[in-house]
Amino acid sequence: MQVAPPSPLLKRLPPGAWVVLAWCGGMAFTFLLRLQLPGEWYPAARPAAQFFRWDGQVDMAVATALALAGGALLRRRPLWALVLLLAASALGTMPLGVAEIPLPQFLAAEVAVFFIAAGRPRATGVVAVLLALAVLGGYLAVRLICGWPITTSSETAVALTTVIAWLLGNSVRESREHAEELRVRAATQAVTDERLRIARELHDMVAHSIGVIALQAGAARRVIDTQPDRARDALGEIETAGRQTLSGLRRMLGGLRGPEQGRTAPPVPLEPAPLEPASMEPAPMEPGHPQPGHPESGHREPGHRESGLGLADLDRLAATITQAGVRVDVRRSGEPRPLPPEIDVSAYRIVQEAVTNVVRHAGTTSCRVSIGYRDDEVRIEVLDDGRGGDAEGGYGLIGMRERVGVLHGTFAAGPRPGGGFRVEARLPVPTGVR
């Protein structure tokens, strides 16, 4: 069953209009109390002698004019509007011949107190409620000075409803401020999370590519005189890694610039001109046509995110690192199965960063990557027998730890007792994909 949306009129009605409606409703109720309605033997309230006289009607008309002016002024000058409404309530009470300001005459002022407390700073709301209470107390004080009777209990009830109106308005204001604070906090956290995500992606992309480029360049320099074919292959790998990195950076920078700039100015290609297109292996990529499996390629694994990478790409990663001089042994246990995109991409990035650290810092010629598929998690372990290192140093370990933390997994990294370094991550797998 569909619920009908609120009326546009009620939704757009300004606070001043509600104040005027409250005054009109109170005046109508006041007249009805002093008339003998059908079925009644006598009016509910006896009208004073001046109530139906011309002077009483003039007082009512002037009070109504003051209430209308207060309603019109409420949005721009709330306290001055409240003063007019309080004057209207006191003036509208005089023809009634009662010992206190009745609630129907004070209802518009209470509505104004609510809106002031809800939409203005706390200090303004406090001044408004104190001003309203002062008028109630001053009205009784004037009657006492003049020797006229008062009705303290009835006036206390009116004062109590005024305080309740202020409390309700203050609660609305606090709720609005709290909601705005939560919105700002959520927006700030979203920006922070996005910055961290971009930082992780940039670090993983650049650090891995630079590590491969450095190894390939070193290998090419050593064999360029004796084995020119191997040097040519190494230079081709360098160009491929550089192009892939630049292509990924272009995609990421294009996303950061936003769709507006993307429509007004075409992206500037970052790829350098090919060195030897006819002799390079693999063939250089043309701008805008990445190779299959590359993050910008149209041939992506099913369920992958924008990066298009996952654990299915580990063999390609291992082959690239092995060609660079560090043999990567990939071992899988359990039954491989499709994983949610965020888990699949994060698992690949963790392995990529761990292997890159081996290439750059371990000073070894081999490492082992183990992927364990279990019922409730995926376990990743990268071992090497190199020099080890500081488990808390560098942004790579921080990025891996953040990735695992986002997925509510566990992460450990540190030197092995017998030498070398160990990285382990456990990523929980949701129930629906086990």
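As the structure is a computational prediction, the values presented were derived from the model and not from experiment.

Caption draft 1: Representation of helix 6 (residues 122–145). Between its first and last C-alpha atoms helix 6 spans 34 Å; for 24 residues at 1.5 Å apiece the expected length is 34 Å, and the two agree. Positive backbone phi, at 80°, marks Gly147, one or two positions downstream of helix 6.

Caption draft 2: Region of interest: unusual backbone geometry. Positive phi, close to 60°, is recorded for His408, a residue that is not glycine. Take His408: it is sitting in the loop between helix 11 (395–406) and strand 4 (410–415). Classification of His408 by relative accessible area gives exposed; the value is 70%.

Caption draft 3: Structural view of the pattern of salt bridges. Under the defined criterion, the tally for this structure stands at 14 salt bridges. The salt bridge involving Asp329 is made with Arg331; its shortest N-O contact spans 2.9 Å. Exposure remark for Asp329: the relative accessible area of 24% places this residue in the partly exposed category. For Arg331, a relative accessible area of 44% gives the class partly exposed. Put simply, Glu424 and Arg422 hold a salt bridge, and the shortest N to O gap is 2.8 Å. A relative accessible area of 27% means that Arg422 is categorised as partly exposed. Shared partners join several salt bridges into a network, and the residues in it are Arg374, Glu377, Arg379, Glu381, Arg422, Glu424 and Arg426.

Caption draft 4: Expanded view of the environment of Phe421. Among the structural elements, Phe421 can be located in strand 5 (residues 421–428). Each C-alpha atom of the pair Phe421 and Asn357 lies 9.8 Å from the other, and the pair is 64 residues apart in sequence.

Caption draft 5: View of empty space enclosed by the protein. Taken as a whole, this structure holds two cavities of 30 Å³ or more when the rule is applied. Looking at the second largest cavity, its volume works out to about 30 Å³. Forming the walls of the second largest cavity are Ala354, Asn357, Val358, Val382, Asp384, Phe421 and Val423. Elements that contribute at least two residues to the lining of the second largest cavity include exactly helix 10 (341–362), strand 3 (377–384) and strand 5. Ranked by residues supplied to the lining of the second largest cavity, first place goes to helix 10 with three residues.

Caption draft 6: Focus on the packing of helix 2 (residues 15–33) against helix 3 (residues 54–73). Where helix 2 meets helix 3, the closest approach of the two axes is 8 Å, and the angle between their N-to-C directions is 160°. One finds that helix 2 runs roughly antiparallel with respect to helix 3. Residues Gly16, Val19, Val20, Trp23, Met27 and Phe31 of helix 2 form the contact with helix 3, whose participating residues are Gln57, Met60, Ala63, Thr64, Ala67, Leu68 and Gly71. The residue inventory of the contact of helix 2 with helix 3, partitioned by class, reads nine nonpolar, four polar and no charged.

Caption draft 7: Structural context of the sheet that holds strand 5. Strand order in this open sheet of five strands is 1-2-3-5-4, and the pairing throughout is mixed. With one partner strand each, in any of the chains shown, strand 1 (327–333) and strand 4 form the two edges of the open sheet. Neighbour-to-neighbour, the strand axes of the sheet open up by a mean angle of 10°, direction not taken into account. In this sheet, strand 5 lies alongside strand 3 in antiparallel orientation, the contact comprising eight bridges. The residue bridging Leu383 from the neighbouring strand is Arg422, located in strand 5. Together, strand 1, strand 2 (366–373), strand 3 and strand 5 form the strand contacts of helix 10, whose direction differs from that of strand 3 by roughly 5°.

Caption draft 8: Summary view of the pairing of strand 1. As paired strands, strand 1 and strand 2 are joined by seven bridges and run parallel to one another. Following the sheet pairing, Val328 is matched in strand 2 by Cys367. Each parallel crossover has a hand, and the one from strand 1 via helix 10 to strand 2 is left-handed.

What counts, and where the lines are drawn
Counting from 1, residues in each chain are numbered in the order their sequence is written. Totals for whole chains, interfaces and linings use all residues, but because this is a predicted model, local features are given only for residues with pLDDT of at least 70 and pairs of side-chain atoms are given and counted only at 80 or more. Each side-chain value is worked out from all heavy atoms of the structure, with water and hydrogens disregarded. Here a strand is any run of E in DSSP of at least two residues, a helix any run of H or I of at least four, and the numbering for each starts at the N terminus. Here a helix's expected span is defined as the number of its residues, less one, multiplied by 1.5 Å. Only protein chains enter the accessibility calculation, which uses a 1.4 Å probe; a residue whose area is less than 20% of its type maximum is buried, one above 50% is exposed, and one in between is partly exposed. Counted as salt bridges are all cases of a side-chain nitrogen of Lys or Arg within 4 Å of a carboxyl oxygen of Asp or Glu. Here a cavity means grid points, on a 1 Å grid over the protein atoms only, where a 1.4 Å probe fits yet cannot get out; a pocket means an open set of points with protein on both sides within 12 Å along at least five of seven lines; lining residues are those with an atom within 4 Å of a point. Grid points are joined across faces, edges and corners, and a volume is the space filled by probe spheres set on the points. Orientation is described by axes fitted as lines to C-alpha atoms, over the contacting stretch for helices, and by angles from 0 to 180 degrees between their N-to-C directions. An angle counts as roughly parallel when it lies under 35 degrees, as roughly antiparallel when it exceeds 145, as roughly perpendicular when it falls between 65 and 115, and as oblique in every other case. Contacts between residues were defined by any pair of non-hydrogen atoms, one from each residue, lying within 4.5 Å. Put simply, Ala, Val, Leu, Ile, Met, Phe, Trp, Tyr, Cys and Pro go in the nonpolar bin, Asp, Glu, Lys and Arg in the charged bin, and everything else, Gly too, in the polar bin. Two strands are counted as paired when DSSP detects at least two bridges linking them. If you view a crossover with the strands going away from you and the path from the first strand over the helix to the second runs clockwise, you call it right-handed.

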